[in-house]
Amino acid sequence: MAGRINDDDVKAVRDAVPIDAVVSEYLQLRNAGGGNLKGLCPFHDEKSPSFQVSPSKGLFHCFGCQEGGDTIAFVMKIDHLTFSETVERLAGKAGITLRYEEGGYNPSHQRGERIRLVEAHKAAARFYVDQLDGPEAEIGRKFLAERGFDQAAAAHFGVGYSPAGWDHLTRHLRGQGFSDKELITSGLSQDGRRGPIDRFRGRLMWPISDTSGEIVGFGARKLRDDDNGPKYLNTPDTSIYKKSQVLYGIDLAKKDIAKASRAVVVEGYTDVMACHLAGVTTAVATCGTAFGNDHIKLLRRLLMDNGSARVIFTFDGDSAGQKAALRAFEDDQKFAAETYIAIAPDNMDPCDLRLAKGDEAVRDLVEPRTPLFEFALRQIVGRYDLETPAGRAAALDEAAPVVAKIKTSSVQREVAVQLAGLVGILDQEFVVRRVAQIARWSRDRGDRGPARGPSRDAPRYPAPAAPAGLSGPALNLRSPAHRTERELLKLALQKPALVSPAFDAYGVDEFTAPPYAAVRQCIAEAGGAEQGLAETREYLVSVLDAAPDDTVRNLVTELAVEVFHGKSIDETYAGMQLVQVRLRAVDRRIDDVQGSLARLGSNVAPEHLAAAQNEVWVLQQYAQSLRSNGADAL
């Protein structure tokens, strides 16, 4: 086995790859003030951004789910990689050659499984692209040309061709050092009677990438009549490819989706190509599965709910569009409220529309037309004869429960009024009451849906649990003492120059909240705040390494990125926090000594009484000096 990665190389990788650049590959980030950035957390579902990134410190922290850490920790968490796999991937992006202790350079066959599978897909994509130029692929080139795609378009989207033989790709990848097990695990090959054979044969190939741009799967289109397989064949679910969690074209569209706050969801690979070539560069498509909740989460992280976000479906005007609308209601009503459906003339898809009427027609198609919820209700109502009372009643019976699922009462009422108009019922209030009644029945049955979170103004971070071995009062964010201790620790982590060297003389016992005492201990074990004067990022890494568990580690990242409460963060502000924490510690000690004397009464020895009284006098003088002279008395 190869040895551990050299520590200096790990540091070089951390320094070379900006955390905001890495995180931006997965979600949209916006200015959060104080040099920080914010976005919707990729690790839990949320409606307003509580995920913050500090580029200057190389850290991220979510105040909702408490996940936090550096660039390496983020990639490990989001892509389910080991530490070594993550460092290797980031080193590859930065062009850094890693050194391995106790074993020299790490050969490719010893690298992590995910990296190996991604490398296999990358090699397969190159192979398929090369094959598209060959004589056998003439049928594939003709298919593309008939749909308006030239050689440059194919190259832009990485379209390739899989030879019709049994094991052309398998033999090619074997020659590049990939094992049969890796080829089967990747989904590029499958078991045959005499060993692995190619999964894709004689088909046009589209590479499917994740949000970071790494190829994780393929979509393959049938070209020949003697191919007995399905029209489209996709990579099976693997450890790196989950069809319910990927969108074709997301790697090309993500920046424009974030910039324009708009995404266009189409049905197929050629539709994505047609849209992008027509100038609609926010188009994506699902990969052999229905549009679902995981896809919603993926798009919402890029759109980041800014009030003007739009998602436009170009699904057909029948069942697919209706199902998408109803599913959006069920999964995420805020998503449904900002979603529209566009139906081309004669139900043409974007690829056919581009061929028939040109690029401008495609651009015009995806301009928001009909709200998705309105489309869904029209589809339901349209199945009934609204000229009869029985037909109107039946339409209302089916449509009202859909509207009743809307949890925001004002929106529910507005849509109910629209439903009354669609059905043709003049008494709008009757429909509103009917919808509200169904909603109440649903709640009474326990069908409450997801619990509503705290208000936007409420603190979004829970109180961390007390670390093992520490006892004391629970963390209370309303406590003036705990608020001051929190600010002082934030200063020690974010702006150590403002509190050094005074902070390093503070004992762990001066922090009354056990979680804060644990962070103070981590700073001490990292060499003190003074270590942050030269290199803040390395200092924070040392503090994180000193954390005894994930609870303390997450609190460190939280404090390292959280904004300060003061308007001017300067020496005066820092001095106030230092004084308040020390003054409260002194006052507590005075109370402790005086309390002990009171309990002992006349049983205390004269020499102990004198020593205690002297200590109280000295502490009282010190407290008075702190109150009068501030930080100068420290």
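Scroll up to find the structure this text is about.
Definitions and cut-offs
Residue numbers here run from 1 along each chain, matching the order of that chain's written sequence. Thresholds applied to this predicted model are a pLDDT of at least 70 for local features of residues and 80 or more for the giving and counting of side-chain atom pairs; totals over whole chains, interfaces and linings are not thresholded and use all residues. Computation of side-chain values covers all heavy atoms of the structure but excludes hydrogens and water. Definition of nonpolar core: a set of buried residues of the types Ala, Val, Leu, Ile, Met, Phe, Trp, Tyr and Cys, connected through side-chain atoms within 4.5 Å. Think of it in three bands: residues with accessible area under 20% of the maximum for their type are buried, residues over 50% are exposed, and the middle band is partly exposed, with areas taken using a 1.4 Å probe on protein chains only. For helices the rule is a DSSP run of H or I covering at least 4 residues; for strands it is a run of E covering at least 2, with both sets numbered from the N terminus onward. A domain assignment, automatic or from a database, supplies the domain bounds used here. The contact definition used throughout considers only heavy atoms, calling two residues in contact when any of these lie within 4.5 Å. Note on pairing: two strands pair once DSSP finds at least 2 bridges between them. For helices, the axis comes from a line fit to the C-alpha atoms of the stretch in contact; other axes are also lines fit to C-alpha atoms, and the angle between any two N-to-C directions lies between 0 and 180 degrees. Each angle is binned into one of four classes, with values under 35 degrees roughly parallel, values over 145 roughly antiparallel, values of 65 to 115 roughly perpendicular, and all other values oblique. We call a crossing left-handed when the near helix sits turned anticlockwise from the far one by less than a right angle, and right-handed when that turn is clockwise. Each residue is assigned to one of three groups, with Ala, Val, Leu, Ile, Met, Phe, Trp, Tyr, Cys and Pro labelled nonpolar, Asp, Glu, Lys and Arg labelled charged, and all others, Gly among them, labelled polar. Here the arc refers to the directions that run from the helix axis out to each C-beta atom.

This part takes up the nonpolar core. Counting 44 residues, the largest nonpolar core has L144, V159, L204, W206, Y248 and M273 as its most contacted members. If you tally residues by element for this core, the top one is helix α11 (residues 269-277), at five residues. Lining this core are residues from two domains, each supplying at least three of them: domain 2 (111-234) and domain 3 (247-368). Residues in contact with V159, not counting those within four places in the same chain, are V129, L132, L144, A154, L204, M205, W206, P207 and M273. Listed in part, the 37 residues of the second largest apolar core include A517, I523, Y539 and A547.

Spatial strand order, β13-β12-β14-β15-β16: five strands in an open sheet with mixed pairing. Strand pairing shows two members of the sheet lacking a second neighbour, β13 (283-285) and β16 (370-371), which therefore form its edges. Note that strand β14 (residues 310-313) and strand β15 (residues 339-341) share three bridges and pair parallel. Across the sheet, V311 pairs through a bridge with T339, a residue of β15. The sheet strands contacting helix α10 (residues 250-260) are β12 (262-266) and β13, and the helix crosses β13 at an angle near 130 degrees.

This part is about the sheet that holds strand β2 (residues 36-39). Read from one edge of the open sheet, five strands run β1-β2-β3-β4-β5, paired in antiparallel fashion. A single partner strand is all that each edge strand has here, and the edge strands are β1 (30-33) and β5 (68-70). Taken pair by pair, the neighbouring strands of this sheet meet at an average axis angle of 25 degrees, ignoring direction. As paired elements, strand β4 (residues 59-62) and β5 share three bridges and run antiparallel to each other.

Next up on the list: the packing of helix α23 (residues 536-546) against helix α24 (residues 550-561). Orientation of α23 relative to α24, taken along the N-to-C sense of each, is 155 degrees, at an axis distance of 8 Å. On the basis of their axis angle, the class for α23 and α24 is roughly antiparallel. As for the relative orientation of α23 and α24, their crossing is right-handed in sense. Facing α23, whose interface residues are L540, V543 and L544, α24 presents R553, V556, T557 and A560. Grouping the amino acids of the contact of α23 with α24 by side-chain chemistry returns five nonpolar, one polar and one charged.

Let us now look at helix α6 (residues 138-146). It helps to recall that an α-helix has 3.6 residues per turn; residues three or four apart then point in one direction. Among the residues of α6, G140, F143 and L144 are the ones counted as buried. Along the long axis of α6, the arc covered by the buried residues comes to 95 degrees, so they all point the same way. For α6, the exposed residues lying more than 90 degrees away from the buried face are K142 and A145. Of the residues one or two after α6, G148 is the one with positive phi, at around 90 degrees.

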